[in-house]
Amino acid sequence: MSEVNSPPPVGGWTRFVTARPRLSLLAALVLTALAVFAGSGVADRMGSGGWQDPSAESTYAKEALEREFPASQPNLLLLVDSGRATVDAPAVAAEGRRLSERLAAEEGVTGVGSYWQTGSPALRAEDGRQALIAARVEGDEKTSAQVLERIAPHYRGARGPVEVSVGGPIGVQHEMTTIIQEDLLRAEMIALPVTLVLLVMVFGSAIAALLPLGVGIVAILGTNAVLRGITEFADVSVFAQNLTTALGLGLAIDYALFIVRRFREELAAGAEVREAVGITLRTAGRTVLFSALTVAVSLAAMMVFPQYFLRSFAYAGIAVVLLAAGAALILLPAALMLLGHRVNALDLRRLLRRGRTKSTPTGETGANESGGTGSGEAGAGWTRLAGLVMRRAPLFAFATVAGLVLLGLPFLGVKFGTPDDRQLPSTAESHVVQQQIRDGFPGSPAGGLEVYAEATPGARGAGSTGAAATPAAAYAEYRGRIAALPGVLRVDGPVTSGSSAYFTVQPKGEAVGEGAQQLVHDLRAVPAPFETSVTGRAAVLEDSKAAIADRLPLALGIIVVVTLLLVFLLTGSVLIPIQAVVLNALSLTAMFGAVVWVFQDGNLSGLLSFTSTGDIETTLPVLMFCIAFGLSMDYGVFLLSRIKEEYDHTGDHEHAVRFGLQRTGGLITAAAVILAVVMVGIGTSRVTNTKMLGLGIALAVLMDAMVVRSLLVPSVMKLMGASTWWAPGPLRRFHERFGLSEGEMSQPVPRPDPEPDPALDPGSEPDSDPDAVRDRVKA
């Protein structure tokens with residue numbers, strides 16, 4: 001190798017992270033221990049809601065009703081089953097009144113109403129054997145959960161002649177939080193050992209396999225500490241913990257795979273340990289930095305949405321990405337400095353290779369061939385695949401795009417809804433209670449629409465009213481108008497308090513069906529001589545959809561613009577960033593199609609053990625897009641950076657594509673499989689939304705790695721040819737000054753005429769072995 005191609009002296013960042021490796025690792029150990037302490041109890045401070053827009057009309061009306069009419073917003077339901085008797089039997093009625101009076105005396109409970117007190121037909125089952133006691137537990141999610149834990153055991157179970165079950169929204173939230181925490185622990189117990197086995201299979205060395213897990217643990221524990229701090233001043237969803245575990249392990253493994261793989265390559269090529277670390281940081285390290293930025297941007301885009309459910313994933317995602325990248329770029333090099341060639345120690349696959357001579361086509365042994373991620377026979381396989389795809393580029397490009405579009409077609413029939421008790425297992429108490437209410441009661445106490453009326457125009461946002469009471473005649477006239485609407489089943493009220501009142505409107509059909517959603521618009525359009533606000537599940541859904549539709553263009557714009565800029569800085573091409581965005585979006589079609597086909601339409605519901613609600617929660621497609629797009633860019637940056645590095649060395653476009661796929665195809669596939677295992681572990685959750693998130697992301701990353709990166713990217717780059725690297729003069733000069741890429745920038749080297757290579761497989765193209773081409777060009 002000529003002097004011009006030899007690596008520059010070790011310095012700068014490399015010197016900083018490797019100067020005192022033992023001290024760096026000791027400091028990391030201390031900080032991780034502090035993170036364990038700081039992040040303890042974070043789940044207890046998290047909420048299970050966050051799907052509504054806090055500035056929406058429905059949220060304003062809900063908060064006003066909670067404040068002024070607690071009985072209108074019950075969040076605790078006691079289902080009283082009288083067995084063979086009817087709820088009007090004297091003994092049953094006496095017990096029902098006693099339970100109601102006892103509940104009303106509980107601290108933190110208000111607005112108690114029961115069938116035996118009000119005689120409301122909505123609180124009595126149609127068969128007369130069940131009735132409801134409704135109440136409101138005051139306080140935020142944490143406080144109300146504590147009240148529920150305190151009082152529920154004193155009501156649940158056999159009480160004289162009746163059997164009592166506890167449910168309602170507060171019961172759903174409490175059970176959901178508990179189940180998510182239990183499922184997360186189980187997912188970690190499943191994912192960690194399976195991941196370790198896969199890493200051993202990828203690396204061969206048990207020592208090398210433990211390094212990604214160490215990086216992941218640091219990222220997860222650090223993120224829990226960050227989230228614990230955020231809960232002091234902002235609401236955070238308990239669902240975000242699932243993302244912390246999944247991305248913490250997944251991205252740490254991605255980044256550590258890429259860095260350790262490159263370090264072992266350089267050792268096998270004869271570099272000294274410090275030099276190998278320096279080359280690794282200048283090449284794979286830069287790629288990891290770019291990858292982390294692209295993933296963080298995709299997740300940060302969720303900050304533009306008002307729902308704290310989505311913002312929570314941005315908090316967790318940004319923290320875990322930056323911590324995973326930081327650990328991979330600081331702690332991992334320090335560990336590699338200390339390990340040196342011992343990174344290949346404890347080869348647990350040696351028994352499988354006993355008696356076999358191991359060597360790679362380039363004559364490398366040890367780390368390079370044991371990596372299993374792009375060298376040796378596996379690398380030759382990826383080379384042959386790249387050659388086949390590029391020879392039939394139009395066919396592969398068309399077939400792949402058509403297949404991905406076809407898989408995404410079910411998403412055209414998506415229906416949006418709000419989460420409810422059916423997210424929980426069918427055996428969960430609050431699910432059972434609500435299901436019996438749906439099946440046996442004429443209307444749900446918590447399922448209708450409420451219209452809040454206040455006499456003072458413009459009082460919304462002031463939190464109080466001060467005008468004289470609206471005349472009863474005006475209320476009666478308004479009630480008649482809303483009762484005449486085509487989607488109304490029944491109107492109750494008004495219930496008045498001072499100068500405000502509320503009406504309860506039961507829609508025909510499902511509580512959040514299309515008819516109920518249309519009724520929300522109709523109610524808001526009814527003229528009234530006072531200020532009105534509509535709330536209820538259907539109103540929350542409509543406001544949530546409006547908030548997402550309003551902010552979605554901004555979120556997509558942030559993702560696209562920043563991604564285009566980062567990929568341009570990496571490659572110096574104008575077309576590659578556009579290609580990356582379009583192909584990444586295509587890689588998500590299968591995920592979105594499967595989400596609708598499985599979770600909305602109910603296919604495979606028996607196999608996957610969930611209850612289909614016939615719709616998809618409004619925020620989930622946004623969440624899944626941001627996560628999956630970021631992970632797709634993660635893999636895209638890995639591939640493009642290696643292609644760019646080789647193109648800078650050789651100036652040969654097609655050879656660079658083959659070389660990039662050979663060097664990263666196995667790596668990306670291994671990383672995707674391991675991440676998919678982690679996400680499938682999350683997908684074993686008994687909560688439907690978490691199951692959908694885990695299984696959907698697992699499918700997306702596998703499709704991206706095995707279809708888009710393996711088939712679509714090389715075929716599209718072949719069709720684009722040398723124009724792939726085009727950029728106008730001003731942008732080329734901008735990239736030369738500010739751009740970064742994997743490997744040291746150099747002028748393309750003219751490629752000599754290819755010569756037949758007898759070492760290649762018969763029938764293959766003369767230059768289908770990237771290592772051979774690279775050696776001849778450098779010579």
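Remember, predicted model here, so these are calculated numbers, not experimental data.

## Some thoughts on the pairing of strand S3 (residues 130–137)
Reasoning step 1: Here S3 lies mainly inside the structure; eight of its eight residues are buried.
Reasoning step 2: By the bridge criterion, six bridges tie strand S1 (residues 76–81) to S3 in an arrangement that is antiparallel. Paired with Asp81 across the strands is Gln130, a residue of S3.

## Considering the nonpolar core
Reasoning step 1: Formed by 150 residues in total, the largest nonpolar core has its most connected members in Phe239, Tyr255, Leu257, Val321, Leu336, Leu623 and Ile697.
Reasoning step 2: Top element by residues in this core is helix H22 (residues 620–650). It accounts for 18 residues.
Reasoning step 3: Once you skip the residues sitting within four places of it in the chain, Tyr255 turns out to touch Val288, Ser291, Ala292, Val295, Val321, Ala324, Ala325, Ala328, Asp634 and Phe638.
Reasoning step 4: Membership of the second largest hydrophobic core comes to 34 residues, among which are Leu79, Tyr115, Leu123 and Val166.

## Section: a nonpolar patch on the surface
Reasoning step 1: Together, Leu23, Leu26, Leu29, Val30, Leu31 and Leu34 give the surface a local cluster of nonpolar side chains, amounting to about 610 Å² of exposed area.
Reasoning step 2: With respect to the helices and strands, the residue Leu34 is situated in helix H2 (residues 21–39).

## Topic: the environment of Gly204
Reasoning step 1: Position of Gly204 relative to the elements: it lies in the loop between helix H7 (169–203) and helix H8 (206–230).
Reasoning step 2: Residue Gly204 is classed as buried on the basis of its relative accessible area, which comes to 0%.
Reasoning step 3: Note: C-alpha distance between Gly204 and Ala345 (141 residues apart in sequence) is 8.8 Å.

## So, the environment of Val401
Reasoning step 1: Within the element layout of this structure, Val401 appears in helix H14 (residues 393–408).
Reasoning step 2: Residue classification places Val401 among the partly exposed residues on the basis of a relative accessible area of 31%.
Reasoning step 3: Along the backbone, Val401 and Ser587 are 186 residues apart, and their C-alpha atoms lie at a distance of 9.2 Å.
Reasoning step 4: Ignoring any residue separated from it by four or fewer positions in sequence, one finds Val401 in contact with Leu586 and Leu712.

## Regarding the confidence of the model for the chain
Reasoning step 1: Per-residue pLDDT for the chain averages 83, and the proportion of residues at 70 or more is 86%.
Reasoning step 2: Low confidence marks residues 1–11, where pLDDT is under 50. Its contacts with residues over four positions away, or in another chain, come to 11 contacts.
Reasoning step 3: Note on residues 355–375: pLDDT under 50 across the span, and 42 contacts to partners over four residues away in sequence or across chains.

## Quick look at the packing of aromatic side chains
Reasoning step 1: Tallied over the entire structure, the rule returns 17 aromatic pairs.
Reasoning step 2: Between Tyr115 and Trp116, the ring centres sit 6.0 Å apart and the planes meet at 70°, which makes this aromatic pair edge-to-face.
Reasoning step 3: Judged by its relative accessible area of 13%, Tyr115 falls in the buried class.
Reasoning step 4: Residue classification places Trp116 among the buried residues on the basis of a relative accessible area of 11%.
Reasoning step 5: Residues Tyr478 and Phe530 carry aromatic rings whose centres are separated by 5.3 Å and whose planes lie at 75° to one another, so their mutual orientation is edge-to-face. Of this pair, Tyr478 sits in helix H16 (residues 472–483) while Phe530 sits in the loop between helix H17 (514–525) and strand S10 (531–536), placing them 52 residues apart in sequence. Residue Tyr478 shares its accessibility class with Phe530, and that shared class is buried.
Reasoning step 6: What links up through ring pairs into an aromatic cluster is the set Trp51, Phe239, Phe309 and Phe313.
Reasoning step 7: Across from the ring centre of Tyr155, 4.8 Å away, lies the NZ or CZ of Arg102, which sits over that ring.

## Quick look at empty space enclosed by the protein
Reasoning step 1: One pass over the structure, following the stated rule, counts four cavities of 30 Å³ or more.
Reasoning step 2: As for the largest cavity, its lining consists of 15 residues, of which Gln423, Thr613, Asp615, Thr688 and Asn689 are closest to the centre.
Reasoning step 3: Those elements that provide at least two residues to the lining of the largest cavity are strand S11 (616–617) and helix H24 (688–720).
Reasoning step 4: Here the lining of the largest cavity gets three residues from one element, more than from any other, and that element is H24.
Reasoning step 5: In terms of residue class, the lining of the largest cavity is built from four nonpolar, eight polar and three charged.
Reasoning step 6: Here the second largest cavity defines a volume of roughly 50 Å³.

## Digging into the sheet that holds S1
Reasoning step 1: Across the sheet, which stays open at both edges, the five strands sit in the order S2-S3-S1-S5-S4 with antiparallel pairing between neighbours. Looking at which strands have only one partner, the edges of the open sheet turn out to be strand S2 (109–114) and strand S4 (157–159). Along the sheet, successive strands turn relative to each other by an average axial angle of 25°, direction set aside.
Reasoning step 2: Contacts from helix H15 (residues 429–440) reach S1, S3 and strand S5 (162–167) within the one sheet, and its direction differs from that of S5 by about 105°.

## Observations regarding the packing of H8 against helix H9 (residues 240–268)
Reasoning step 1: Where H8 meets H9, the axes come as close as 8 Å, and the angle between the chain directions of the two elements is 145°. By crossing handedness, the relation of H8 to H9 is classed as right-handed. Across the interface between the two elements, Ala208, Leu211, Pro212, Leu213, Val215, Gly216, Ala219, Ile220, Thr223, Asn224 and Leu227 of H8 pack against Gln241, Thr244, Thr245, Gly248, Leu249, Ala252, Ile253, Ala256, Val260 and Arg264 of H9.
Reasoning step 2: Residues that form the contact of H8 with H9 fall into these classes: 13 nonpolar, seven polar and one charged.

## As for the pattern of salt bridges
Reasoning step 1: In this structure the tally under the stated criterion is 30 salt bridges.
Reasoning step 2: Arg686 is the salt-bridge partner of Asp183, the closest N and O atoms lying 2.9 Å from each other. Within this pair, whereas Asp183 is found in helix H7, its partner Arg686 is found in the loop between helix H23 (653–683) and H24, the two being separated by 503 residues in sequence.
Reasoning step 3: For Glu265, the salt bridge goes to Arg642, with nearest N and O atoms at 3.1 Å. Taken together, the residues span a long stretch of sequence, with Glu265 in helix H9 and Arg642 in helix H22 at a distance of 377 residues. Neither Glu265 nor Arg642 differs from the other in exposure class; each is buried.
Reasoning step 4: Each of Arg261, Arg262, Glu265, Glu266, Arg642, Glu645 and Arg663 takes part in salt bridges that share partners, so that together they form one network.

## Side note on the side chain of Ser573
Reasoning step 1: Within the secondary structure, Ser573 is located in the loop between helix H18 (537–571) and helix H19 (575–586).
Reasoning step 2: Among the residues examined, Ser573 registers a relative accessible area of 0% and is labelled buried.
Reasoning step 3: Side-chain polar atoms of Ser573 contact the backbone nitrogen of Leu575, separated by 3.1 Å.
Reasoning step 4: There is a polar contact of 2.4 Å between the side chain of Ser573 and the backbone oxygen of Thr724.

## Overview of the packing of helix H10 (residues 273–300) against helix H11 (residues 308–339)
If you want to describe how two helices pack, look at the angle between their axes and the distance between the axes.
Reasoning step 1: Between H10 and H11, the shortest axis-to-axis distance is 10 Å and the interhelical angle comes to 180°. As judged from the angle between their axes, H10 and H11 are roughly antiparallel. Contacts from Val273, Arg274, Val277, Leu281, Gly285, Val288, Leu289, Ala292, Val295, Ala296, Leu299 and Ala300 in H10 reach Ala314, Gly317, Ile318, Val321, Ala325, Leu329, Pro333, Leu336 and Met337 in H11.
Reasoning step 2: For the contact of H10 with H11, a count of residues per class yields 18 nonpolar, two polar and one charged.

## Remarks on unusual backbone geometry
Reasoning step 1: For the peptide bond that leads from Gly493 to Pro494, omega is 10°, which places it in the cis range.
Reasoning step 2: Tracing the chain through its elements places Pro494 in strand S8 (residues 488–497).
Reasoning step 3: Despite not being glycine, Leu604 shows a phi value in the positive range, around 70°.
Reasoning step 4: You can see Leu604 is positioned in the loop between helix H20 (589–600) and helix H21 (605–608).
Reasoning step 5: Despite not being glycine, Ser609 has its phi angle at roughly 60°, a positive value.

Parameters at a glance
- Residues numbered from 1 in each chain as written.
- Predicted model: local features only at pLDDT ≥ 70, side-chain atom pairs only at ≥ 80, totals over all residues.
- Heavy atoms only, no water.
- Buried < 20%, exposed > 50% of the residue type's maximum accessible area, 1.4 Å probe, protein only.
- Helix = DSSP H or I, 4+ residues; strand = E, 2+ residues; numbered from the N terminus.
- Pairing = 2+ DSSP bridges.
- Core = buried A, V, L, I, M, F, W, Y, C linked by side-chain atoms within 4.5 Å.
- Contact = heavy atoms within 4.5 Å.
- Patch = residues over 30% accessible without salt bridge, like charges linked within 9 Å, V, L, I, M, F, W, Y side chains within 5 Å.
- Areas by Shrake-Rupley, 256 points an atom, 1.4 Å probe, with all protein chains shown as cover.
- Salt bridge = Lys/Arg side-chain N within 4 Å of Asp/Glu carboxyl O.
- pLDDT = per-residue confidence, 0-100.
- Phe/Tyr/Trp six-rings, centres within 6.5 Å; stacked < 30°, edge-to-face > 60°.
- Lys NZ or Arg CZ within 6 Å of the ring centre and 35° of its normal.
- 1 Å grid on protein atoms, 1.4 Å probe; cavity = no way out; pocket = protein on both sides within 12 Å on 5 of 7 lines; lining within 4 Å.
- Points joined across faces, edges and corners; volume = space filled by probe spheres on them.
- Nonpolar A, V, L, I, M, F, W, Y, C, P; charged D, E, K, R; others polar.
- Axes fitted to C-alpha atoms, helices over the stretch in contact; angles between N-to-C directions.
- Left-handed = near helix turned anticlockwise from the far one by under 90°.
- Polar contact = N/O pair within 3.5 Å; in protein donor to acceptor, adjacent residues only side chain to side chain.
- Parallel < 35°, antiparallel > 145°, perpendicular 65-115°, else oblique.

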